[in-house]
Amino acid sequence: MATTTVDRPMALLAELTYRCPLQCPYCSNPVELGKYSEELDTETWLRVLREAADLGVVQAHFSGGEPLLRKDLAELVREARALDIYTDLSTGATLATKERLAELKEAGLDGLQLSVLDPRADQNDWLAGTKSFEQKCAAFEFAKELDFPVTLNIVLHRHNLDAIEEIIALARDWAVERVEFAHVQYTGWAYENRAALLPTRAQLERAQLLVSAFEKEVAGQMRVLHVLPDYYQDVPKGCLQGWGSVFLTVAPDGAVLPCQTAREIPTLEFPNVKTQDLESIWFHAPVFQKFRGTDWLPEPCRDCERKEIDFGGCRCQAFLLTGDAGVTDPVCTQSPHHQLVEAAIAAASEPSTDFQYRVMRR
Amino acid sequence: MESAKPVTHPILARFARYRWDKIREQHQVVFPEGVLVVNDSSAEILALMDGRSEDGIVEALEDKHGAPEIREDVQEFLKILFLKGLLANGNNHSR
């Protein structure tokens with residue numbers, strides 16, 4: 001029986017669409033993309049933003065898929081700003097024309113996050129499955145002209161980790177305000193492509209040293225974020241700061257998810273903004289209660305001193321690796337299933353296998 | 001390698017924004033990966049971070065309150081912002 005009070009959420013991830021011109025093999029969208037092709041209309045998204053503000057949401061992250069595919073993006077940003085919500089956009093940037101960015105600037109967009117897959121043009125285009133590097137560079141120039149504070153997002157994995165010097169050089173050349181070095185998290189498409197993406201420990205350790213040195217060097221000028229690959233940690237990540245604690249995701253079709261990858265867990269049922277308001281979903285929907293707090297925790301988490309730090313780790317990862325979303329994240333060395341992670345790491349020293357690109361499939 | 005320049009005219013990093021949260025009744029600095037909750041006196045410092053020098057901020061607060069140890073409070077708060085990567089230099093023309 002949960003006795004702790006439930007806090008209001010701080011952050012909304014607004015996944016406006018699962019459509020995307022890129023086909024990145026580590027996309028966090030559901031593998032069965034085609035099952036969720038329906039999208040909310042503008043009026044419903046505006047209502048979602050108003051309900052989110054009333055519920056206490058402080059920041060809205062507009063993401064996708066490619067959110068610039070939605071023609072109403074600037075209208076949604078404008079409404080969020082009118083509600084005094086901090087607005088942040090994550091984009092692959094291939095559709096970021098100067099006109100679209102100017103429209104977003106005028107709407108009050110606070111932060112712009114541009115992804116580059118690899119600082120080498122040919123590698124970027126290979127990973128994206130489509131020619132996109134030049135467009136990304138052009139988008140960056142437009143963003144600078146418009147005086148946007150820019151975050152450069154780079155997802156790290158086996159195929160680009162050895163180019164970490166070039167990645168750092170790109171961040172330096174572009175003189176961005178923020179750079180996020182984010183290792184692939186192995187859910188969604190990345191889980192299917194894990195054997196082709198997971199780096200070796202040697203690759204990882206070399207890159208970590210260089211990123212740490214860069215972080216120190218640019219302290220006070222550039223914010224450096226470093227999301228570590230949890231497979232190589234001894235303890236799990238404090239996923240979402242706890243399930244149903246501060247984050248909620250509204251998916252393109254209106255499903256409300258405690259985590260953007262929660263659709264990985266087929267036994268969960270998700271409420272929808274079309275039939276229920278966000279406040280009742282946050283406080284009462286069974287799926288938000290399921291792993292909230294620490295009362296549900298299994299052994300060995302229950303008696304662990306880290307239970308208020310990592311809340312048992314990632315539920316999606318627990319399900320993907322063991323078939324049971326309610327067990328300790330196998331990344332933890334205390335997990336009875338930890339050998340599954342060790343086996344994946346051992347396989348990472350094998351020659352690289354092919355990955356499959358993200359495609360619309362049912 | 002050039003080391004980080006000292007911040008002489010502290011302002012919030014451009015990706016960060018101050019807001020008053022009327023539901024939680026608290027001052028917040030919001031940035032892409034999080035929220036920093038600050039107290040009333042820190043919020044007062046934030047309001048003065050408009051491109052003036054650190055000395056200018058301290059003087060403005062001394063004029064208003066006449067209390068000692070204001071400089072220490074200002075420096076302590078600026079250090080917190082710096083460590084969180086939320087501080088920029090508002091007098092960057094020579095860059």
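The model shown is predicted, which means the values in this text are computed figures rather than measured ones.

Cut-off values and rules
Residues numbered from 1 in each chain as written. Chains lettered and ligands numbered in written order. Predicted model: local features only at pLDDT ≥ 70, side-chain atom pairs only at ≥ 80, totals over all residues. Heavy atoms only, no water. Pairing = 2+ DSSP bridges. Helix = DSSP H or I, 4+ residues; strand = E, 2+ residues; numbered from the N terminus. Axes fitted to C-alpha atoms, helices over the stretch in contact; angles between N-to-C directions. Buried < 20%, exposed > 50% of the residue type's maximum accessible area, 1.4 Å probe, protein only. Right-handed = clockwise from strand over helix to strand, strands pointing away.

Novice: Which residues make up the sheet that holds strand β2 (residues 17-21) of chain B, and what values do they have?
Specialist: Residue and element names in this part refer to chain B. Strand order in the open sheet made by the 3 strands is β2-β3-β4, with antiparallel pairing throughout. The open sheet has two free edges, formed respectively by β2 and β4 (34-38), since each of these has just one partner strand. Here the strands of the sheet are splayed against their neighbours by 35° on average, with no regard to which way each runs. Bridge analysis of β2 against strand β3 (residues 26-31) gives 5 bridges, and the strand direction is antiparallel. In the strand pairing of β3, Tyr18 is matched with Val29.

Novice: Give a description of the pairing of strand β1 (residues 11-15) of chain A that names residues and reports values.
Specialist: Residues and elements named next belong to chain A. By the criterion of burial, β1 is predominantly enclosed, with 5 of the 5 residues buried. Burial along β1 is two-sided: Ala11, Leu13 and Glu15 and Leu12 and Ala14, pointing in opposite directions, are all buried. With 5 bridges connecting them, β1 and strand β2 (residues 59-63) associate as parallel partners. Pairing of Leu13 across the sheet is with His61, part of β2. Read as a crossover between parallel neighbours, the route from β1 over helix α1 (residues 42-55) to β2 is right-handed. Across 4 bridges, β1 lies against strand β8 (residues 247-250) in parallel orientation. Bridge pairing links Leu13 to Thr249 in β8.

Note that all results are geometric; they support no functional claim without further evidence.
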